[in-house]
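# Observations on the three-dimensional arrangement
Read off the chains here:
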Amino acid sequence: MKKYLMLMTAVLLIPTFSYADKKQDEVKEVQKLSQYDQKCAQFDKAACKTLLTELGKMCKKSNSFACFRLGEIAAINSEVAAKQGMTQDSVQWLDLAVGSTKRACQLNLPQACTQMRQFKSDFQKSCKKGDQFFCKASKLL
């Protein structure tokens, strides 16, 4: 009976370990892009292009951390574009931020789901201030 319980415990834990290993592998894959991330933060356009392209590819392959990181970068770029009066660019970046963050949430990354709730809250606040764009956007989340 004791051996049976040990075997059952091991069988039940295997999916947990494989899930944790998968998430660790996803993080490591994204961390390999740190050189591009650092250069992009210093406004190196070529590094930014490489970073965004690679994160996009990883996200399409279901890397939740790549999707989340892509969403973070896009959200920052959306804010920068909005402050510079580049409304169309801001909206495009925001669309990418929401879409990739939503994908990360669908891939079971808890912090992405938290960010999606924050997006919804922020959009609803802007809607209450009369911004119809955010009224429509909040309904899509």
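Attention in this report is confined to the structure presented alongside it. (Residues numbered from 1 in each chain as written. Predicted model: local features only at pLDDT ≥ 70, side-chain atom pairs only at ≥ 80, totals over all residues. Heavy atoms only, no water.)

This paragraph deals with the state of the cysteines. Applying the stated rule across the entire model yields four disulfides. The disulfide partner of C59 is C67, and the S-S distance across this bridge is 2.0 Å. Across the disulfide from C59 to C67, rotation about the S-S bond amounts to roughly 105 degrees, and the bridge is consequently right-handed. A residue is classified by how much of its surface remains accessible, and C59, at 9% relative accessible area, is buried. Taking the relative accessible area as the measure of exposure, C67 reaches 0% and is therefore buried. Here C105 connects covalently by a disulfide to C113, the sulfurs 2.1 Å from one another. The disulfide joining C105 to C113 has a torsion of about 105 degrees about its S-S bond and is therefore right-handed. Using a relative accessible area of 18% as the deciding quantity, one classes C113 as buried. (Disulfide = S-S within 2.5 Å. Buried < 20%, exposed > 50% of the residue type's maximum accessible area, 1.4 Å probe, protein only.)

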